[in-house]
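# Structural overview
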Amino acid sequence: MLTITDLTTSYGPVRALDSVDMTVEAGRITAVLGANGAGKTSLLRTVSGLVRPSSGTITLDGTDITGAPVESMVHRGMAHVPEGRGVIAELTVEENLRLGARGAAKRPSDAPAPVRTLDDAYQLFPVLGDRRSAQAHTLSGGERQMLVIARALLARPTLLLLDEPSLGLAPRIVAQIFDLIRTLVADSGLTVLLVEQNARSALSIAHTGVVLNLGKVVVTESAEVLRNDTALRHSYLGF
Amino acid sequence: MSTDTTAKRLLDLNLTRSLLISLGVLLVGVLLLESTDRYTNTQLSSLTYYAIAAIGLTALTGLNGQISLGHGALMAVGAYTTALLLDTESPLPFPVVALAAVVVTSVVGFVVGIGAARLHGPYLAGATLALAVALPSVALYFKGTFNGEVGLTVASPRPPEWFVSFIDAVSGEFATSSKYVAYLGLFCLVVALFFALNLRRSKVGRHWRAVRDQEVAAEIAGINLGRTRVQAFVISAAYAGLAGAVMAVVVRLAAPSAFTIVLSLSLLTAAVIGGLGSITGAFIGAAVLVFLPPWVTSLSTGSGLSDTQAAQMSPFIYGIVLVLVMLLAPGGVMGTLSTAWRRARLRRLHPATPTQKG
Amino acid sequence: MTDDIQKLVNVLLNGLTQGIVIAAFALALVLIFRSTRIINFAQGSQAMFTTYLALTLLNRDFPYWAAFAVALAAGFVIGAVLERVVIRPLEGGMELNIVIATLGLYVAIQALAAILFGSDYQSFPSPFGMTGFQVGDLNLALTPTSIFVLCTVGVVGVGLTLLFQKTQLGLTMRAAAFDGEVSRILGIKVSHLLTFGWALAGLVGSVAGILVATGTFIYPSYMETLIAFGFIAAVIGGLDSPVGAVVGGVLLGLVNSLVSGYVASGLVTLAAFALLIVVLLLKPGGLFSSTTARRV
């Protein structure tokens, strides 16, 4: 589904990504793991077009999307959930969701999607339904995470980019959200590229794990293998 | 101990340097004034007050990152103060009058500054714009003191004996009062320049730049942002006050119509053309303000525009130039020159590496 | 006694009419500020220029409404063009550079108008009467023209509210203003919306330019006072709140009218300036700032 070849992204003299090669297979969860500053967020930002790579290519379903503007990604079936829960705080829950649904307009109507209408979203996350006319800045951290995931799903993506969904959330909420991601992928064939510092939780739902260190891919393995490789876990993943 | 003496020596070096530059400007000024005709003398007198005001504005904008649309109005404060103080039987000597104008203008600047300069972004620009709109009404309202639309005529200071004999000794000519005024302008400019040169290199100047470039870091380093901004604005206002004092005696009139927003914007143009933050740039900009309009006006009347239309060509060009400089060369003349020079040097040092932007 | 009442009523009515025009202009400033954090100092000159266009058409016997519509359309187009040609290339650079560029436009457009249309005072007609209504013994300062002014600004206000609250376009504009990056991730073409925002502000500014001219005189710098007043009103309202701009405008109009009626008409601009300084000292975020979720 998504193929990344020799991708390098620099901020001035700093190389955030250094010749990264990886693939994300359709209908699966690929987890990108690594410490703070390993280049995980830069990877997502480059893939979604927020940052231009200095070299390398990104192809989505066989189409070269390297350097394509971020605004076009929604129509290509890619939804990016940014780090730090990118709700638009001044808008209401419903307005945030409407912005997501707006992205579905140019998607093929038969694209498989678990969340097609605002009502679907409220059904999936009843707490959002209760607070639909509340301003988003009044939501709790967990509610905000649900809101951005629901908003991303409303755009009917085939590829969901998730940046640190567990950041700053209570373990119970993290489990709930990861469970939801697993169910979504299993039921609807959604593809997920998940960036996480919380490797243990990520590997519990991922099919494949990619470990980044200082902008380079150091390991690409099935999640199963990573879960059981103690030496690797200790050296890169911290658990 | 040793660092202390190094610091002292550095300070002396800076002082000497500033003093030498200022004396150099004084010398060039005298030579220019004595080698040109009366019309050019008048133009050079105008140059002195534009340059003083532009130095003050460039210090504010270039060193502190703030912008003022009220420097024309602040010049009016200086000019009216001067006009009122000179309007007596036996007026005080001009330097005292000019000093008073500086003090009064600084006080006005302080009031505006504490309101707006502490704040970020567009507040100071907007507030000084409001000042520029509001101030003329003071002249109109207190008609008894400021004589309304007509304004105050300014009694020209009489050249003292020593000046007459000095000019006689230098060029063998009789010192007119307008020549004396040109020298007063030059004197004020040199004093203003000397202060500005020292300011740039002083702790105060460094604080200003720190606030401009690294607001957060400056605050952490213990610089009081609000006080620094107000300080920058007050000093800048003092320059405008001095410029207004000189303008009053050069033009011999202080009237509301002379201190419009267009004057403020012209001063801004001068600072921007020369290159914000550059004192040399302020001189270049002031020269443009003095020598461009007559040229543009004669060119326009020559190509069939009426006199009133031709008079508008200069502000039109100032506006276009402001936009174009921002689009094409935001560093102004001095900024562009120094970038070009640095690039050329880089190329000489590393002929193989292609020069890159930023 | 009736004289006193009549005076007070008329001072307030005048203040309301003046204030609503200030509010309209402040709205134009706020429209741009809240999406770009820039004060467009050229706004007044743009409005002045389009008002001259309208007057040119009126002098050639075009109907009032046609001239009005052309001015609004011109305001819209000029706003969009300036954003594309001048502002867009400067984005991402120093904020100061954009401010200086808008100041350059301010003076250039003003001088251009003087070159094209002359510097003299020219009278701008009103489509409605200029004599006040009479209620009982009271001669009101409320004229058909001032009712026209109030209604026009009302229409603009309602129109903008509907646009922002009820339409998809308005929702995306608000999203883009609050969080550009997240909006782009959601597929919103933020750069197009910025152009549209400048165009819309140009249109609203043109409305204010015509309304302040209606029934009086115009000259190239006639908008200068309104720029200052509009800025002050916008600051009172918190600079990024359209509702605040309207309330601030009306408030400033009333203060101006009270000063003019009971103190001295020559002190209006000075009083407005003093009000600005006081607001900046006491409530720099404006009287209606909602600092809840804003990061400045």
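Residues numbered from 1 in each chain as written. Chains lettered and ligands numbered in written order. Predicted model: local features only at pLDDT ≥ 70, side-chain atom pairs only at ≥ 80, totals over all residues. Heavy atoms only, no water.

With that out of the way, let us pick up the overall build of chain A. Within chain A one finds 9 helices and 10 strands. Its C-alpha atoms give chain A a radius of gyration of 17 Å, near enough to 18 Å, the size a compact globule of 239 residues would have. The principal-axis extents of the C-alpha atoms in chain A amount to approximately 45 × 35 × 35 Å. Put simply, chain A has 239 residues, and 56% of those count as buried. Contacts in chain A between residues at least 24 apart in sequence constitute 67% of all its contacts with a sequence separation of at least 6. As displayed, chain A offers around 9500 Å² of accessible surface, 49% of which is attributable to carbon and sulfur atoms. Of the side-chain charges in chain A, 23 are positive and 24 negative, and the distance between the mean point of each set is 3 Å. (Helix = DSSP H or I, 4+ residues; strand = E, 2+ residues; numbered from the N terminus. Rg over C-alpha atoms; globule rule 2.2 N^0.38 Å. Buried < 20%, exposed > 50% of the residue type's maximum accessible area, 1.4 Å probe, protein only. Contact = heavy atoms within 4.5 Å. Areas by Shrake-Rupley, 256 points an atom, 1.4 Å probe, with all protein chains shown as cover. Lys, Arg positive; Asp, Glu negative; His and termini not counted. Charge placed at Lys NZ, Arg CZ, Asp CG, Glu CD.)

Now for a nonpolar patch on the surface. A cluster of nonpolar side chains, namely L99, V103, V107, F110 and V111 of chain B, defines an oily patch on the protein surface of about 460 Å² accessible area. Residue classification places V111 of chain B among the partly exposed positions, given a relative accessible area of 41%. (Patch = residues over 30% accessible without salt bridge, like charges linked within 9 Å, V, L, I, M, F, W, Y side chains within 5 Å. Salt bridge = Lys/Arg side-chain N within 4 Å of Asp/Glu carboxyl O.)

So, about the pairing of strand β9 (residues 208–213) of chain A. All names here are of chain A. By the criterion of burial, β9 is predominantly enclosed, with 5 of the 6 residues buried. Of the strand pairs in this sheet, strand β3 (residues 29–33) and β9 are connected by 4 bridges, and their pairing is parallel. Among the inter-strand pairings, A31 is bridged to a residue of β9, identified as G209. (Pairing = 2+ DSSP bridges.)

Here the focus is the sheet that holds strand β10 (residues 216–222) of chain A. Residues and elements named next belong to chain A. With respect to topology, 6 strands assemble into an open sheet ordered β6-β7-β8-β3-β9-β10, the strand pairing being mixed. Each end of this open sheet is capped by a strand with a single partner; those strands are β6 (78–81) and β10. For this sheet the average axis-to-axis angle between neighbouring strands, irrespective of direction, equals 15°. Of the strand pairs in this sheet, strand β7 (residues 159–163) and strand β8 (residues 191–196) are connected by 5 bridges, and their pairing is parallel. The residue of β8 that forms the bridge with L162 is L194. Each of β3, β6, β7, β8 and β9 is contacted by helix α1 (residues 40–47), which is oriented at about 145° to β7, the strand it contacts most. (Axes fitted to C-alpha atoms, helices over the stretch in contact; angles between N-to-C directions.)

Here we take up the packing of helix α12 (residues 261–274) of chain B against helix α4 (residues 95–117) of chain C. In helix packing, the relevant descriptors are the interaxial angle and the interaxial distance, both defined with respect to the helix axes. For the pair α12 of chain B and α4 of chain C, interaxial distance at closest approach is 11 Å and the crossing angle is 130°. The angle between the axes of α12 of chain B and α4 of chain C places the two elements in the oblique class. Classified by chirality, the crossing of α4 of chain C by α12 of chain B is left-handed. Here α12 of chain B contributes I261, V262, L265, L268 and V272 of chain B to the contact with α4 of chain C, which in turn contributes I100, L103, Y106, V107 and Q110 of chain C. (Parallel < 35°, antiparallel > 145°, perpendicular 65-115°, else oblique. Left-handed = near helix turned anticlockwise from the far one by under 90°.)

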